[in-house]
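# Coordinate inspection notes
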Amino acid sequence: MSDHDISGKKVAFLLTDGVEQIELTSPWEAVKAAGGVPTLVSPSTGTIQGFDGVDKGETFTVDLAVADASADDFDALVLPGGVVNADFLRVDKDAQAFTRAFFEAHKPVASICHGPWLLIEAGVVKGRDVTSYHTLATDLKNAGANWSDEEVVVDQGLVTSRNPDDLPAFNDKLLEEIAEGEHEGQHA
C-alpha cells in the first residue's frame, strides 16, 4: 500500500498494441490501490494486445480513443513501454498532442522503458532530466534531454524509469508526483 493518497485523481494510461504488459498492469494497480481512477486511452478502440517481452500476453479493453481524449479531464498521464507500443504511439499525431497537453497544463507525466520515444515526438524533453531503456539514450540526448542510467529520474513532475525491474521505484514516484499535483516546472 502506498503512502500517497490520490483519491479521486484521474490518470490516463496511453498505449496501444504491443505494450509491455507489466508496465501497464503494475502502475495501474498502484494507482487504483492509492485511490486513483485509471483510464486506458489508445489510438484504437476495442481491445489492445499486451506482451510479456516477445510473447503475447493478455488483451485490455480501451476506455477512450485518444482522438476524443482531453488532458483537461485527467490529473496525470502514464506512458507504459514496449517497443511496438512506443513505436506506434510516437508517430500518432493525436497521441503526440494529448501528451504535449499534459506538459502545457503542468500535470505529472510518467514514462517507462520505450515510452519516452513519444516524449521526443511530442517535443517535451529538451533540457529535461530523464532515463529510459538504454537503447533510447542516443535518441533522447539528440532531442536535448539529459539522459542518465538510473532506476528512476524525477524532473518537475516528469517521472521516467528504465525497465520492469524499476517498477517499484517508478510506481512510488508516479504516485508522489500525482499527490503533489501540478508542477510549474512541467512545461512543453
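Just so you know, these numbers come straight off a predicted model, no measurement behind them.

Cut-off values and rules
Residues numbered from 1 in each chain as written. Predicted model: local features only at pLDDT ≥ 70, side-chain atom pairs only at ≥ 80, totals over all residues. Heavy atoms only, no water. Pairing = 2+ DSSP bridges. Helix = DSSP H or I, 4+ residues; strand = E, 2+ residues; numbered from the N terminus. 1 Å grid on protein atoms, 1.4 Å probe; cavity = no way out; pocket = protein on both sides within 12 Å on 5 of 7 lines; lining within 4 Å. Points joined across faces, edges and corners; volume = space filled by probe spheres on them. Nonpolar A, V, L, I, M, F, W, Y, C, P; charged D, E, K, R; others polar.

## A closer look at the pairing of strand β4 (residues 47-52)
Direction of pairing for strand β2 (residues 19-20) relative to β4: parallel, over a ladder of two bridges. Within β4, the residue paired with V19 across the bridge is G50. Bridge count for β4 against strand β5 (residues 55-61) is five bridges, and the pairing is antiparallel. The partner of I48 across the bridge, within β5, is F60. Here β4 folds back onto β5, and the loop between the two strands holds two residues, one of which, G53, carries a positive phi near 70 degrees.

## Quick look at empty space enclosed by the protein
Leftover empty space is mapped by rolling, across the atoms, a probe with the size of a water molecule. Within this structure, the stated rule accounts for one cavity of 30 Å³ or more. Taken together, L79, P80, N85, A86, L89, H114, G115 and L118 make up the lining of the largest cavity. It is helix α2 (residues 83-90) that contributes the most residues to the lining of the largest cavity, three residues altogether. Partitioned by chemical class, the residues of the lining of the largest cavity number five nonpolar, three polar and no charged.

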